[in-house]
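Breakdown of the fold
Here is what each chain is made of, one letter per residue.
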Amino acid sequence: MSTRKGHISVNTNDIFPIIKKWLYSEHDIFVRELVSNACDAITKRETLARTTGAETPEGKVEVLIDKDKKTITFSDNGIGMTEEEVEKYIAQLAFSGAEEFVKKMKEEGESTDEIIGKFGLGFYSAFMVADKVEVNSLSMNEGAKPTKWTCDGNTDYEFSDSQKSTVGTEITLFINEENKEFLDAWKTRSTLTNYCDFMPYPVVLKDLAEIERIKAENAKAEKEEDKKPVPENDVINDTEPLWKKDPASLTDQDYKDFYKKLYPMDPEPLFWLHLNVDHPFTLQGILFFPKLNPNKPLNESNIKLYCKQVFVSDNVKNVIPEFLALLKGAIDSTDIPLNVSRSALQGDPNIKKISNYIVKKVAESLKKRFKQDREAYNKSWEDIGLFVKYGVVSDPKFDELMRDRVVFKNSNDELVTLGEYAENVPEKYQEKMKGKVVYFEEASSDANLREQLKAEGIQAITTDNYIDPHFMQHTEMQKQGDEAIKYQLVDNAIEDLLETENASEDDMKIKDLFFELLVGKKDENNPSQMEVEIKNFKNSSTAAYFKVDEQMKRFAQMTKAMGNSAFDMPSKKTLVVNPSHNLVKNAFKLSSSEDKKELASKIAHHIQDLAAISGEGLTDEKRKDFVSRSQDLMSELSNLAL
Ligand code: ADP
Ligand code: MG
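Residues numbered from 1 in each chain as written. Chains lettered and ligands numbered in written order. Predicted model: local features only at pLDDT ≥ 70, side-chain atom pairs only at ≥ 80, totals over all residues. Heavy atoms only, no water.

Moving on, we come to the sheet that holds strand S6 (residues 156-161). The sheet built from eight strands is open, its strands ordered S1-S6-S5-S4-S7-S3-S2-S8 with mixed pairing. Only two strands of the sheet have a single partner each, and these edge strands are strand S1 (3-7) and strand S8 (203-207). When strand polarity is set aside, the average angle formed by the axes of neighbouring strands in this sheet is 15°. Sheet strands in contact with helix H6 (residues 185-196) are strand S2 (61-66), strand S3 (71-76) and S8, and its direction is about 170° off that of S8. (Pairing = 2+ DSSP bridges. Helix = DSSP H or I, 4+ residues; strand = E, 2+ residues; numbered from the N terminus. Axes fitted to C-alpha atoms, helices over the stretch in contact; angles between N-to-C directions. Contact = heavy atoms within 4.5 Å.)

Structure, rendered in structure tokens:
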């Protein structure tokens, strides 16, 4: 047998150690690389055959595990390689690609995770798990001679004669000790499922030991029906993923099934969007609007990125705006340059175009839904609301299309846009309410105040304190002039909107009394000292409520939402007391006699605590006081009744 030796000329001598070391992060990537090379080779053969009219067999990739020999062999019936081609493409060119990768890794110090997905290491990723690699190939060229190339993990290699008689390539990995888990079929299967799920040719996994075992058992079986099927044609993948198909030929169930396949643990998606574009770039994909899972971190990316049906990454952060990562699904594009580093990807004009396209499509589909089936739109709002608001706040294009389709729950529990909100303002308040939106904070506003406004026909929208402070700030800044908009909390709005009577002299005495009982002395040096105000609302059943500094509060919420918990709720508060409320009047009367001042003080404190309970709630300390004071008061009351 004749052998020919060769040497890979590289500048990075430690290339093999580096490739191997990397195996601690994502060493299963070799599966993707070798199977996608095999698919490429089949495509090349088919393409060539089309021009020459030659016959080609059905493309097929086989992954064979031989546990005894400790090998995994990837075979294809693709184009094959001559000895010169192996020399050129494998030994020299592929190597220079790997070398460039190693250099980049050293220079940029980027996290390997990030490069791995973007930078195909290609053929040489085999050395992450194998000490020795053999390439056995027969080219489809007329009269080509088969060849075998062997390299055992250093820069020397060897060619020898081969007996291969069918066109195609077989790549055998002699798996090293540290990676023997890949010799277990389940491990290789799960890796194949992850990376090769939608590759364009059938990928068959064969576990030789298992096949032999079943064959031996079958040989022993006495009856024909006791024989088990031999797992020799176990196709892993779906060669025609849904995104490749014509949407007109698909049913809702097809989409739901596909979603289930991608996310087996998820509840059914709400709706979806099939993307298909050929110009000025090629992209296909399906984006699903999932049911919102409040327990899942928002920054987790859920969209799978494919390049010609090869799974590339589930990190699409650099391809589409962050808010779209709340969606799920798959995007397949040949125009996303995957073999470059992160920084290059961000400045890529193609990526910008793709990203704009997706944003526009998503917004248009929501817009259409809004227009055509408002009821369904409203129904899904609980799940999509966060996504839409996040998009409006963070992406100008999306903002333009969707801003006026953001809805809020009003005091009647209906979902309305801000435009609809404005239209529903009663005639009487149109002037005062121009550009004003009253909001009610779900977690901390006083529901009595909302009711009081509602009695006047004034609605309040309900807001959360996570995304809504951002949304409100954004719209306040964006809408100017005639369109200008201003949000106002119910507690501030109520005194602006509802008619009050001027405070009398007695009212001012009540104010002083409450201040004295609840706060004590005025302290000019303490800016967060509580204040007391008197407001005489008509027909009000509220004895008192808390009013907070709105700007401070929103600022605190935003910093909190961004993960800065150092800013808690602002401490500056004003207790607004209603002097015509019976409890308040009684407290005032009691305070004039010395022996009843104690009771007056208890009532004042109670009024204050009740206002807190109606809003943000009581602190632990205050709650304790409240409970013991309640007991005292109830005892006094029951003693009186007895
Ligand atoms: P890339 O796939 O990006 O070109 P690789 O390192 O994965 O880089 O492969 C290097 C080259 O080796 C391929 O471009 C191809 O020419 C050749 N090659 C690798 N695997 C096969 C195969 N199974 N059949 C035919 N040619 C192959
Ligand atoms: Mg490749």
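As a further point, take the environment of Phe323. Checked against the element boundaries, Phe323 lands in the loop between strand S12 (310-313) and strand S13 (328-332). Among the residues examined, Phe323 registers a relative accessible area of 1% and is labelled buried. The contact partners of Phe323, leaving out residues within four places of it in the chain, are Val359, Phe387, Tyr390, Gly391, Ser394, Asp395 and Phe398. (Buried < 20%, exposed > 50% of the residue type's maximum accessible area, 1.4 Å probe, protein only.)

Moving on, we come to the packing of aromatic side chains. This model, assessed by the stated rule, comprises 30 aromatic pairs. With a centroid separation of 5.8 Å and an interplanar angle of 40°, the aromatic rings of Trp149 and Tyr157 are classed as tilted. The interplanar angle of 70° and the centroid separation of 6.0 Å between the aromatic rings of Trp243 and Phe258 together place this pair among those described as edge-to-face. One end of the pair, Trp243, is in the loop between helix H7 (208-220) and helix H8 (252-262); the other, Phe258, is in helix H8, and 15 residues separate them in sequence. Look at Trp243 and you get buried, because its relative accessible area is 0%. Assessed through its relative accessible area of 5%, Phe258 is described here as buried. Over the aromatic face of Tyr263 sits the side chain of Lys328, whose NZ or CZ is 4.7 Å from the ring centroid. Across the ring face of Phe546, the terminal group of Lys573 is positioned such that the distance to the ring centre comes to 5.4 Å. (Phe/Tyr/Trp six-rings, centres within 6.5 Å; stacked < 30°, edge-to-face > 60°. Lys NZ or Arg CZ within 6 Å of the ring centre and 35° of its normal.)

If you walk through the whole model with that rule in mind, you get zero disulfides. With no disulfide of its own, Cys39 has Cys196 as its nearest cysteine by sulfur position, at a separation of 7.4 Å. Overall, the relative accessible area of 3% leaves Cys39 in the buried class. Using a relative accessible area of 0% as the deciding quantity, one classes Cys196 as buried. (Disulfide = S-S within 2.5 Å.)

Next up on the list: the packing of helix H11 (residues 374-394) against helix H15 (residues 468-478). Direction vectors running N to C along H11 and H15 enclose 40°, while the axes themselves pass 9 Å from each other. As summarised for this structure, H11 and H15 are arranged oblique, according to the angle between their axes. The element H11 and its partner H15 pack so that their crossing is left-handed. Contact residues: H11 offers Lys389, Val392 and Val393, while H15 offers Asp468, His470, Phe471 and His474. (Parallel < 35°, antiparallel > 145°, perpendicular 65-115°, else oblique. Left-handed = near helix turned anticlockwise from the far one by under 90°.)

Bringing the site of ligand 1 into the picture now. Ligand 1 sits among 11 residues. The nearest are Asn37, Ala41, Asp76, Gly122 and Phe123. In this structure, Asn37 approaches ligand 1 through a side-chain N or O atom, which is 2.8 Å from an oxygen atom. Asp76 places a polar side-chain atom, nitrogen or oxygen, 2.9 Å from a nitrogen atom of ligand 1. When isolated, ligand 1 has an accessible area of 530 Å², and the protein chains bury 76% of it. Taken together, the elements giving at least two residues each to the shell around ligand 1 come down to helix H3 (29-52) and helix H4 (83-108). Here the residues of the shell around ligand 1 are counted per class, giving six nonpolar, three polar and two charged. (Near = heavy atom within 4 Å. Polar contact = N/O pair within 3.5 Å; in protein donor to acceptor, adjacent residues only side chain to side chain. Areas by Shrake-Rupley, 256 points an atom, 1.4 Å probe, with all protein chains shown as cover. Nonpolar A, V, L, I, M, F, W, Y, C, P; charged D, E, K, R; others polar.)

We now examine the pattern of salt bridges. Inspection of the entire model under this criterion finds 40 salt bridges. The partner of Lys227 in a salt bridge is Glu224, and the shortest N-O contact between them spans 3.4 Å. Accessibility expressed as a relative area gives 60% for Glu224, which makes it exposed. Across the pair Glu495 and Lys535 runs a salt bridge whose closest N-O atoms are separated by 3.5 Å. (Salt bridge = Lys/Arg side-chain N within 4 Å of Asp/Glu carboxyl O.)

Glancing now at unusual backbone geometry. Note the cis peptide between His279 and Pro280, where omega equals 5°. Along the chain, Pro280 turns up in the loop between strand S9 (271-277) and strand S10 (283-289). For Gln309, which is not glycine, the phi dihedral falls at a positive 70°. Relative to the helices and strands, Gln309 is located in the loop between strand S11 (303-307) and S12. Overall, Gln309 belongs to the buried group, its relative accessible area being 7%.

Right, let's get into the packing of helix H17 (residues 505-518) against helix H20 (residues 597-614). The N-to-C vectors of H17 and H20 enclose an angle of 90°; their axes lie 10 Å apart at closest approach. As far as their axial angle goes, H20 and H17 are roughly perpendicular. Of the residues in H20, those touching H17 at Phe514, Glu516, Leu517 and Leu518 are Lys597, Ala600, Ser601, Ala604, His605, Ile607 and Gln608. Tallied by class, residues from the contact of H17 with H20 come to six nonpolar, three polar and two charged.

Let us look at the sheet that holds strand S20 (residues 531-534). Spatially, the three strands line up as an open sheet ordered S20-S23-S22, and their pairing is mixed. A single partner strand is all that each edge strand has here, and the edge strands are S20 and strand S22 (544-548). With strand direction ignored, the average angle separating the axes of adjacent strands in the sheet is 30°. The pairing of S20 with strand S23 (residues 573-577) spans four bridges and is classified as parallel. The partner of Glu531 across the bridge, within S23, is Thr574.

Limitation: the analysis is restricted to geometry and does not speak to function.
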